[in-house]
Structures are given as structure tokens and as C-alpha cells.
Amino acid sequence: MLLDKPKINQKIPEELWKFKEEFNISFLDIFIVNGNKIYALEDCSQKETNICRPINGLINSNLIHIACSHGKVTYHIVDGKNTFPFLNENLMIEICIPIRGEKYSNIDVCVYFGLTNKEVDVKNLLSSFLRRFNLAEIYLYAFLMYCKLIKLRNFLNVFVTLEDMIKVNFPSLQLHLFNVAFWAVEIAKKLNFTNKEQEKLYLAGILHDVGKIKIRSEIINKKGSLTNEEYEEVKRHVEFGYVIAKEIIGDIYPDIPVWVKNHHEMYDGSGYPEGLKGEEIPLPSRILKVADVIDVLYSPRSYKTPVPVEKIVAELNRCKGKDFDPKVADIAIEVIKEKVVLPTDILRVSERRIFPAMLLLHFGEGKEVCCLNGYFYFDGTRGYFKLIEIVTNKLDLRNSVSAHLVIEVLSSIYEYNVHAIPLDETTWLISKIRTVEKNSCVCMLWNLEAFIITQEGRISVNIRKLSEEDLLFECNSMCEFDTSQLYKMEVLFENGEELILNGRIVCNYPVTKESSYYKYAFVMVSDTTKERLFKQIFRKHIDLKKRIEEVCTSR
Ligand SMILES: [Fe+2]
Ligand SMILES: [Fe+2]
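Residues numbered from 1 in each chain as written. Chains lettered and ligands numbered in written order. Predicted model: local features only at pLDDT ≥ 70, side-chain atom pairs only at ≥ 80, totals over all residues. Heavy atoms only, no water.

Caption draft 1: Representation of the overall build of the protein within the structure. In terms of helices and strands, the protein carries 15 helices and 18 strands. For the protein, with 555 residues in total, the buried portion stands at 51%. Intrachain contacts of the protein at a sequence separation of at least 6 include 62% that bridge at least 24 residues. Of the roughly 26,800 Å² that the protein leaves accessible, carbon and sulfur atoms contribute 49%. (Helix = DSSP H or I, 4+ residues; strand = E, 2+ residues; numbered from the N terminus. Buried < 20%, exposed > 50% of the residue type's maximum accessible area, 1.4 Å probe, protein only. Contact = heavy atoms within 4.5 Å. Areas by Shrake-Rupley, 256 points an atom, 1.4 Å probe, with all protein chains shown as cover.)

Caption draft 2: The arrangement of a nonpolar patch on the surface in detail. A contiguous nonpolar patch, built from V73, Y75 and I77 and spanning about 220 Å² of accessible area, is present on the exposed surface. The residue Y75 is located in strand 4 (residues 74-77) in this model. (Patch = residues over 30% accessible without salt bridge, like charges linked within 9 Å, V, L, I, M, F, W, Y side chains within 5 Å. Salt bridge = Lys/Arg side-chain N within 4 Å of Asp/Glu carboxyl O.)

Caption draft 3: Highlighting the coordination of the iron ion (ligand 2). Surrounding the iron ion (ligand 2) are the protein donor atoms H176 (NE2), H208 (NE2), D209 (OD) and D292 (OD), which sit 2.1 to 2.4 Å from the metal. Taken together, the 4 donor atoms coordinating the iron ion (ligand 2) span angles of 78 to 168° at the metal, a pattern that classifies the geometry as irregular. For the pair the iron ion (ligand 2) and the iron ion (ligand 1), the metal-to-metal distance amounts to 3.7 Å, and D209 bridges them. Of the two residues, H208 is situated in the loop between helix 7 (195-207) and helix 8 (217-220) and D292 in helix 12 (residues 283-298); the sequence distance between them amounts to 84 residues. (Donors = N, O, S within 2.8 Å, 3.2 Å for Na, K, Ca; no water. Tetrahedral: all angles 85-135°; square planar, octahedral: opposite > 155°, others 65-115°.)

Caption draft 4: Summary view of the coordination of the iron ion (ligand 1). Binding of the iron ion (ligand 1) to the protein goes through D209 (OD), H237 (NE2), H263 (NE2) and H264 (NE2), at separations of 2.1 to 2.3 Å. Here the donor residues of the iron ion (ligand 1) are spaced in sequence according to D-x27-H-x25-H-H.

Caption draft 5: Local environment of the nonpolar core. Core analysis: the largest hydrophobic core is formed by 110 residues, its most contacted members being F113, F129, I187, L359, L361, I407 and W428. Ranked by residue count, the leading element in this core is helix 6 (residues 171-190), at 9 residues. Sequence-distant contacts of L359, defined by excluding residues within four places in its chain, comprise C370, C371, L372, F385, A403, H404, L405, V418, A420, W428 and I430. Among the nonpolar cores identified, the runner-up in size contains 25 residues, and I452, L466, V525 and I537 belong to it. (Core = buried A, V, L, I, M, F, W, Y, C linked by side-chain atoms within 4.5 Å.)

Caption draft 6: Region of the structure containing the state of the cysteines. Scanning the entire structure with this criterion turns up 0 disulfides. In this structure C96 is not part of a disulfide, and its nearest cysteine sulfur, from C110, lies 3.6 Å away. (Disulfide = S-S within 2.5 Å.)

Caption draft 7: A look at unusual backbone geometry. The step from Y272 to P273 runs through a cis peptide bond, and the omega angle for that step is 10°. Turning to its location among the elements, P273 is positioned in the loop between helix 11 (255-261) and helix 12. One non-glycine residue, N24, adopts positive backbone phi at about 55°. Locating N24 in the fold gives a position in the loop between helix 1 (12-22) and strand 1 (27-34). We classify N24 as exposed; its relative accessible area is 59%. The phi dihedral of K432 falls on the positive side, at around 50°, and the residue is not glycine. Along the chain, the position of K432 falls in strand 12 (residues 427-435). Judged by relative accessible area, which is 45%, K432 ranks as partly exposed.

Caption draft 8: Geometry of the environment of K118. Structurally, K118 can be placed in the loop between strand 6 (108-115) and helix 3 (122-132). Separated by 41 residues in sequence, K118 and I77 place their C-alpha atoms 7.2 Å apart. The residues contacting K118, other than those within four sequence positions of it, are I77, V78, D79, M92 and I93.

Caption draft 9: Molecular detail of helix 12. End to end, helix 12 covers 22 Å across 16 residues, agreeing with the expected 22 Å (1.5 Å per residue, within 8%). Here helix 12 lies mainly inside the structure; 12 of its 16 residues are buried. When helix 12 is considered as a whole, its buried residues turn out to be P284, S285, R286, I287, L288, K289, V290, A291, D292, I294, D295 and Y298. (Expected span 1.5 Å × (residues − 1).)

Caption draft 10: Region of the structure containing helix 13 (residues 309-319). All buried positions along helix 13 are accounted for by V309, E310, I312, V313, L316, N317 and C319. Just downstream of helix 13 lies G321, where phi reads positive at about 90°.

Caption draft 11: Quick peek at the packing of helix 12 against helix 13. At a minimum axis separation of 10 Å, helix 12 and helix 13 run at an interaxial angle of 150°. The orientation of helix 12 with respect to helix 13, classified from their angle, is roughly antiparallel. Judged by the twist between their axes, the crossing of helix 12 over helix 13 is right-handed. Side by side, helix 12 and helix 13 meet where V290, I294, L297 and Y298 of the first sit next to V309, I312, E315 and L316 of the second. Residues of the contact of helix 12 with helix 13, tallied by class, amount to 7 nonpolar, no polar and 1 charged. (Axes fitted to C-alpha atoms, helices over the stretch in contact; angles between N-to-C directions. Parallel < 35°, antiparallel > 145°, perpendicular 65-115°, else oblique. Left-handed = near helix turned anticlockwise from the far one by under 90°. Nonpolar A, V, L, I, M, F, W, Y, C, P; charged D, E, K, R; others polar.)

Caption draft 12: Structural detail: the pattern of salt bridges. Across all of its chains, the model carries 18 salt bridges by this definition. Between E474 and R464 there is a salt bridge; the shortest N-O distance is 2.5 Å. With a gap of 10 residues between them, E474 in strand 15 (residues 470-476) and R464 in strand 14 (residues 458-466) connect regions that are remote in the sequence. Like E474, the residue R464 is buried in the burial classification. A network of salt bridges, in which partner residues are shared, links R216, E218 and E233.

Caption draft 13: Focus on the packing of aromatic side chains. A complete count under the given rule lists 16 aromatic pairs for this structure. Considering the side-chain rings of F481 and Y487, the 5.6 Å spacing of their centres and the 90° angle between planes classify their relative orientation as edge-to-face. For F481, a relative accessible area of 15% corresponds to the buried category. A network of ring pairs unites the aromatic residues F19, F23, F113, F129 and F133 as a single cluster. Looking at K261, its charged tip hangs above the ring of Y242, at a distance of 4.6 Å from the centre. (Phe/Tyr/Trp six-rings, centres within 6.5 Å; stacked < 30°, edge-to-face > 60°. Lys NZ or Arg CZ within 6 Å of the ring centre and 35° of its normal.)

Caption draft 14: Up close: the pairing of strand 16 (residues 487-492). Alignment of strand 16 against strand 17 (residues 498-510), held across 6 bridges, turns out to be antiparallel. Within strand 17, the position partnered with K488 by the bridge is N502. In this antiparallel pair of consecutive strands, strand 16 and strand 17, the connection spans 5 residues, and G496 shows a positive phi of 95°. (Pairing = 2+ DSSP bridges.)

Caption draft 15: Spotlight on a negative patch on the surface. On the surface, E468, E469, D527 and E531 cluster together into a patch of negative charge. Considering the arrangement of structural elements, one finds D527 in helix 15 (residues 527-553). (Lys, Arg positive; Asp, Glu negative; His and termini not counted. Charge placed at Lys NZ, Arg CZ, Asp CG, Glu CD.)

Following this line, the structure appears as C-alpha cells:
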């Protein structure tokens, strides 16, 4: 079954209802089959909104499984020889039309008819159904209902709502939440948390400081030290976080709000809000505590550069047993040592994750590229992109010819070629995710400063990623670059070597309100210059790795 041009047809329930009336069908249902689990769209032929519900033991009929696994229309007529139990004892004919979902997922959908009249012309009914309905549309419709059931899209909506509150008042908080979640899960993996437990911890990480949205923004964003009163106010974020987390996901995961509440408890009992001690503090909260400190030190901020890895390791060692659970701190040190070099493909994870992301839609050669900011939810094979900013340009987003997904994790950028199908105004189904091949592409482990030379002066930028053909730099979003102009970039190394790279700015990826990433394509940069550039980078990479290893092994 091919689903070439999927569109969501909101009229499907209504049309099914008409069809049911016309052919005098007693039961018309859509079943969603995921492995051995079957879900039914309740009253799918009614005009009201549908609810998807799991079916347990109700369907003894193997018809659905037979239909779905063989991909063939199957039906039974009561004729005395039949051994299959029917859905309802008054039924005379049972028909299943399977719709295979291989293009999107392993989920199958099946349209089910139950008739009480034995005299119905089955062949005529089936051909009328197939003439009237587009199976691809029914599949997509059922699939979306299923997503609603597993709360996937609702969950994304929650983050988009939070994002609205966070980005206005606390721009620095957004990435902090995701980074803490990232570090926490990396630590949890080494503590043998199951996939499900890792997912829960990730969510707790994203929510850990969410209570700060209730604290006055001038205190949260204050650059200098806090007065005692201000500090007391900041401390209240754990209680607010508890309340907010409980509201958002308390019914699905009752322990997450508790973990959020306890993320500032100290191992020696000197923390807040309850002064819990040692093992009294839930393990996930002890992990969040360490992850929190790692991100505060590791991440660049407008007022500070990242603290070197060896200093973070020293800090964790200094405070273990006091602030931190010693076992968690030791594992965190191992994690930092390994994760300073991030994996080349961040989506090679088995657990569900949400990432801040950008979706770039291309509308054909030489045409405008549309850049959408939002979140990407990934379940291990496919994902959903949810928009956070309303798009005001005139492009019809449904007409894109190809798409790129850009994800940011710990200041590293990951780029993927994807298949993006709009599901509604703000959500895209993302499938066929393939890493964008970049030969000899290097992510910076430290700040490599450079200057773009313009007629007005020199603009300071930070190089983040480097390949043979181009580089990616970060810069204040206020900077305006002309994409048609040729620029000169000056790179200065610690040993005094200076390099000039000619190039063009070809792409802009806004990251936050304050900063943007720009792709800088080299123009007439000689091989010797490139060689000198890479030599410098690799020398420093090797130095840094050595230093980290020395610190870690000397303990
Ligand atoms: Fe906090
Ligand atoms: Fe935090």
C-alpha cells in the first residue's frame, strides 16, 4: 500500500458514517494493530471526536491478525462450517480490510465491518468502499488517533507551552533544562537504569528547574551574587517545580514531581527544601543534582566561558560525600571523560527523547528555505517536529520538496536529511532520518575564536564545527550578514599563528533569541591553508584529550 501524497482528511469519520448508513452495516470500526496489541477507534463512524482505546481479550477473532499479517481482505459468512468466533453473536458477516503501514511504521490499520444481514453482496460492498475511500488517508487518520492515545503529541504540546513561558523571561534556562536531562540519562545508563527509567529521568531533567518561571525574572537573570532574601526566593523554585510537574505529568508519572522537588537536596543533609540525607533522597534526584552542576560549569554563558573538564572533575571529587552521592559523582566523572567527544549521531539512542530542534524546508533549487524553530520528539525510529513560532511567510509549507532537521545538544549541531509530512498546522511527522554525511567534519571541544572582517569593523565569532568545505560559527543574532558578499575570516591560534579564510555565509540557523549559527562556505581557500587549519585543530584536540585522561587516571 503506497502512501505517496498523504493529507489528513478530517472528514473521514463523517464519510464512514454515511457509508455505514447506506449499506446498513451494524458495526464499522477501525482497528490499529501494533504487534500483538489491538486498539479500536471508538465510534469511528460517528461525527463526534474519536477516542482510541486498547482492546483486551475482546477480539477473539483471528480475522484481524490474519488480515493484517497477510495483507489481504478477509471475510467470513456464517454458514454452519465456520469455526471463527464472531465479534458479536448476532453477526452474520465479518469483513476486514487491512491497510499496511510499512512506509511509516510497523503499525497496521484495519477497517472492520460487522453485518447482521447474510444476504449482503460482499463484493459490491468492498468495491464501493475501495472506490470511495483513499486508504492512505484512513491510515494516516487512524495513526494520528493512535498517537493521541499514547499521549505522544499531547506531551509535545506541554513542552511547547512551557517553552512559551521560558523563552520570554529566561532564555538561558531553556538549554540548561535539556542539557541537565542529557547528562542525567548518561549517568543513569551506567547505573543500569532501564529504557523506561531513563525516559522518566529525562523528563524529570527537562522539568527540574521549571519552577523558576514563578520566580521574578530579574532575580533569575541577575549577573552578580544574590542577596539573602533573593536566594531564599530562588530556593522556592523546587516547590513551584513540584506543583507544575504534578500538573503536567503527575497523573502519568507520579514520582517525577518528587524527583524535581528534591534536586537541591545535599547528600550530607544540608540541602533544601526538606534537608533529606543520603539514601533518603531519591536516586534520580541525586543524579539530577550532579547533572545540574555539570551543566552549570560545562556550558558557555553570556558572562562566562565553559569551565575546563579537569576543573569539573576536580569539583565533583571535592564535593562528593558532601553535596553529591559519591557513587553518582564517580560515575559522572566517567561520563564526562567519555562524553566530551559526543557521538557522531545523537539519534542513535533507544529511549524516547525531546530535543530543541530546527526544521529546514526546501522548496526547490534556487528557492527560499524556510527555517522553523521547535522541538523534536524521537521514539527510536521516527519522530515528530512541533513548531513553537508561528510562521508568517507566505510559503505553503506543504509544498516542500525536501527537509533537513537540525538538533542541538550541548552546543553541538546534528544535521539530518529527513522526510517531513505535515500533520497539522504545527506538527510534522518525521521519518526516513539519515545523517548528513560530512567527511572529516570536526566538532570543536573548546572555543575557537575568529573574526569576520566587514567594512564596519571586526565581528567576533566562535567556530563550532569544521569540514573540508565549510565551517559553522556561532554569533550574536543581531549581526547582519549579506549572503551575496564575500567575507574574510581571521582565525587566531594560541601559538600566534594566524589564518585568513575567504568565504560566503550561506545559511543562518537561529539557536536562541541571542545567538545564531551560520554556515560559512570556503571560497578559494587553498589546500595548504586548510592543512594548516586542521593541524592546529587536531593538535589541540589531542592535547585536550590527553589532559582529560591525565586528570581522570591520576585519581
Ligand atoms: Fe534548580
Ligand atoms: Fe538547574
